[in-house]
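# Survey of secondary and tertiary structure
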Amino acid sequence: MTTFRTPADAAEARAIQDTLRARVVLDEPGPPPGTGRATGVDVAYDEERDVVVAAAVVLDAATLDVVAETTAVGRVTFPYVPGLLAFREIPTVLAALEALPVDPGLVVCDGYGRAHPRRFGLASHLGVLTGLPVIGVAKNPFTFTYEQPGPRRGDSSPLLDGDEEVGRALRTQDGTKPVYVSVGHRTGLDNACAHTLLLARDFRQPETTRRADALCRQALREATA
């Protein structure tokens, strides 16, 4: 695992992103969907106390049963700057992942990978630091454009920055808003979308994200009680 370095300011953070981006692996397909394990990671904040809590929840990718889960509590050490969210979240997310008693398999972030202004969002950053295959599944499209996908589960459309496809808008349930899938590290976009559909069996968001979100919110309440 590559050591995380906290930047002194936004300029240094962008320089770190530009340096690490060259290490993103884009020519691996990733693990086959529905096999092995899939791990959701998410964070919750208490801004008044500068507390951040991360959760990692490992699911069996075929059954969606919980295999293991961990949380970690940290301090917010970097200000909120659009496009630099990873520097607020990754130290605590790494601590949660390192505490897992099993290999996480594919990691699913509630955020972006290549669908990022510098093509290096949280999913890419986490993948480079850990060496794990990582995808981003976001609730919003950030700054990019797309055509609405068809209304049925599995319909998708390119998420575009000009003419470049940086991800996909993917309908995970009939008639719901799409989610926005992008490659983080060591997986392909088709594969990332296939994983997302299998993990979003019953709801708009992948079960990995739903479980991690609920766990980190609970852990934050306990940490700040």
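Residues numbered from 1 in each chain as written. Predicted model: local features only at pLDDT ≥ 70, side-chain atom pairs only at ≥ 80, totals over all residues. Heavy atoms only, no water.

### With respect to the packing of helix 2 (residues 86–98) against helix 3 (residues 122–130)
- Between helix 2 and helix 3, the least distance of the axes is 11 Å, while the angle of their chain directions is 45°. Our classification of the angle between helix 2 and helix 3 gives oblique. Crossing geometry of helix 2 relative to helix 3 is assigned as right-handed. Of the residues in helix 3, those touching helix 2 at A86, F87, E89, I90, V93, L94 and L97 are L122, H125, L126, L129 and T130. (Axes fitted to C-alpha atoms, helices over the stretch in contact; angles between N-to-C directions. Helix = DSSP H or I, 4+ residues; strand = E, 2+ residues; numbered from the N terminus. Parallel < 35°, antiparallel > 145°, perpendicular 65-115°, else oblique. Left-handed = near helix turned anticlockwise from the far one by under 90°. Contact = heavy atoms within 4.5 Å.)

### Some details on helix 2
- For helix 2, built from 13 residues, the straight-helix expectation of 18 Å at 1.5 Å per residue is met to within 8% by its first-to-last C-alpha distance of 17 Å.
- Helix 2 sits mainly inside the fold: ten of its 13 residues count as buried.
- Here helix 2 has its buried residues at A86, F87, R88, E89, I90, T92, V93, L94, A96 and L97.
- Packing partners of the buried residues in helix 2 comprise helix 1 (10–21), strand 1 (37–46), strand 2 (51–60), strand 3 (66–75) and helix 3. (Expected span 1.5 Å × (residues − 1). Buried < 20%, exposed > 50% of the residue type's maximum accessible area, 1.4 Å probe, protein only.)

### Quick word on the sheet that holds strand 1
- Read across the sheet, eight strands follow the order 3-2-1-4-5-8-7-6 without closing on themselves; strand pairing throughout is mixed. Looking along the sheet, the strands with just one partner apiece sit at the ends: strand 3 and strand 6 (156–161). For this sheet, the mean inter-axis angle between neighbouring strands, taken without regard to orientation, is 30°.
- Against the sheet, helix 5 (residues 207–223) contacts strand 1, strand 2, strand 3 and strand 4 (106–109), and its axis sits at roughly 35° relative to strand 1. (Pairing = 2+ DSSP bridges.)

### Notes on unusual backbone geometry
- One non-glycine residue, D50, lies in the positive phi region at around 60°.
- Here the phi dihedral of R119 falls at roughly 60°; this positive angle occurs in a residue that is not glycine.

### Notes on the nonpolar core
- Within the largest apolar cluster, 35 residues are counted, with the highest numbers of intra-cluster contacts made by V41, F87, I90, V93, L97, C109 and L126.
- Mapped by element, the contributors of at least two residues to this core are helix 1, strand 1, strand 2, strand 3, helix 2, strand 4 and helix 3.
- Looking at which element gives the most residues to this core, the answer is helix 2, with seven residues.
- With near-sequence residues (within four places) excluded, V41 lies in contact with A55, A56, V93, L97, V107, V108, C109, D110, L126 and A212.
- Counting 26 residues, the second largest nonpolar core, distinct from the first, contains L189, C193, L215 and A219. (Core = buried A, V, L, I, M, F, W, Y, C linked by side-chain atoms within 4.5 Å.)

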